[in-house]
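This is what each chain is made of:
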Amino acid sequence: MTTYGLLIFDRVEELDFVGPWEIFTASSMLRDDADTAVLIAESADPVRCNKGMRVLPDHTLDDHPPLDVLLVPGGNGARETQVHNPVVTGWIAGVAARASWVTGVCTGAALLHAAGVARGRRVATHFSYEDRLEALGGVTVVRDARYVVDGNLVTSQGVSAGIDMALWLVGRLHGRDHARQVRRYVQYEPAPPYLADEPPA
């Protein structure tokens, strides 16, 4: 059994955690509901996300089950507010020391840096935040990979890249064939209507 804990907070970027949530819960379903995924916040109050979605946490920082996997998403709340919240950064550091895997999506890397978890590691983050994260020092920012694995730390670029990271992780935990089944179930076969490599107009 794998227990996934996804941190949420005001102004968290929705797809940063909802994308991996879909992968983790689909993975559990295909494993006869063997795993658990929970949303964790500082308080039990509803969380207002970056683009207006409201979400209810399952647990607070003080009452969640032991976590095998910690996911730290990004968003304006991560890089502008939570990096200055010692309750949250201290919690991340404590959980990271006990979890088997620590993951970050987008500017969740800023929170992992503030908590000390990313220090001395190779990390990925949103393209618009790469210079700022690098300027903080103590990390090596990888700019040309959707996700980066450094020991038990896995970080991804922005927003949708968290889905790729989560698929890699369920494959690492439960096998590549299982990850392919998950990808098939969620029909994750990227085919954007506009070429991703087109230069800006």
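Our subject is the structure that appears above.
Q: Which residues make up the overall build of the protein, and what values do they have?
A: Scanning the protein for helices and strands turns up 7 helices and 11 strands. On C-alpha atoms alone, the protein measures out to a radius of gyration of 16 Å, which is about the 17 Å that the 2.2 N^0.38 rule sets for 201 residues. Its C-alpha atoms put the protein at 50 × 40 × 35 Å along the principal axes. Taking all 201 residues of the protein together, 51% fall into the buried category. Accessible surface computed for the protein: about 9,800 Å², of which carbon and sulfur atoms make up 50%. The average position of the 18 basic charges and that of the 25 acidic charges among the side chains of the protein differ by 4 Å.

Q: Explain the environment of His-64 residue by residue, including any values.
A: Tracing the backbone through its elements, the reader meets His-64 in the loop between β5 (59-60) and β6 (69-72). Residue classification places His-64 among the buried residues on the basis of a relative accessible area of 19%. Sequence spacing of His-64 and Val-170 is 106 residues, and the spatial spacing of their C-alpha atoms is 21 Å. Among residues more than four places away in sequence, those in contact with His-64 are Ile-40, His-59, Trp-91 and Val-95. Here the side chain of His-64 touches Leu-61 through a polar contact of 3.5 Å, landing on its backbone oxygen.

Q: I'd like a rundown of the state of the cysteines, residues and numbers included.
A: One pass over the full model with this rule turns up 0 disulfides. The cysteine Cys-49 is free of any disulfide, with Cys-106 supplying the nearest cysteine sulfur at 14 Å. Judged by its relative accessible area of 6%, Cys-106 is buried.

Q: A description of a nonpolar patch on the surface should follow, citing residues and the corresponding values.
A: There is a patch of nonpolar side chains on the surface, built from Leu-15, Val-18 and Met-53 and spanning about 200 Å² of accessible area. Mapped onto the fold, Leu-15 is located in helix α1 (residues 14-30). Since its relative accessible area comes to 33%, Leu-15 is described here as partly exposed.

Q: Quick one: what's the story with unusual backbone geometry, residue by residue and with numbers?
A: Even without being a glycine, Asp-33 presents a positive backbone phi close to 55°. Note that Asp-33 resides in the loop between α1 and β2 (36-41). By relative accessible area, which is 60% here, Asp-33 ends up exposed. Phi at Val-159 is positive, roughly 50°, even though this residue is not glycine. Examined against the element boundaries, Val-159 turns out to sit in the loop between β11 (153-156) and α6 (161-174).

Q: Describe in detail α6, supporting the description with residues and values.
A: For α6, spanning 14 residues, the distance from its first C-alpha to its last is 20 Å, which sits close to the expected 20 Å at 1.5 Å a residue. For α6, the tally of buried residues reaches 10 of 14 residues, placing the bulk of the element in the interior. Buried within α6 are the following residues: Ala-161, Gly-162, Ile-163, Asp-164, Met-165, Ala-166, Leu-167, Leu-169, Val-170 and Gly-171. A positive phi of about 105° marks Gly-175, the residue just after α6.

Analysis parameters
- Residues numbered from 1 in each chain as written.
- Predicted model: local features only at pLDDT ≥ 70, side-chain atom pairs only at ≥ 80, totals over all residues.
- Heavy atoms only, no water.
- Helix = DSSP H or I, 4+ residues; strand = E, 2+ residues; numbered from the N terminus.
- Rg over C-alpha atoms; globule rule 2.2 N^0.38 Å.
- Buried < 20%, exposed > 50% of the residue type's maximum accessible area, 1.4 Å probe, protein only.
- Areas by Shrake-Rupley, 256 points an atom, 1.4 Å probe, with all protein chains shown as cover.
- Lys, Arg positive; Asp, Glu negative; His and termini not counted.
- Charge placed at Lys NZ, Arg CZ, Asp CG, Glu CD.
- Contact = heavy atoms within 4.5 Å.
- Polar contact = N/O pair within 3.5 Å; in protein donor to acceptor, adjacent residues only side chain to side chain.
- Disulfide = S-S within 2.5 Å.
- Patch = residues over 30% accessible without salt bridge, like charges linked within 9 Å, V, L, I, M, F, W, Y side chains within 5 Å.
- Salt bridge = Lys/Arg side-chain N within 4 Å of Asp/Glu carboxyl O.
- Expected span 1.5 Å × (residues − 1).

Just geometry here; none of it tells us what the structure is for.
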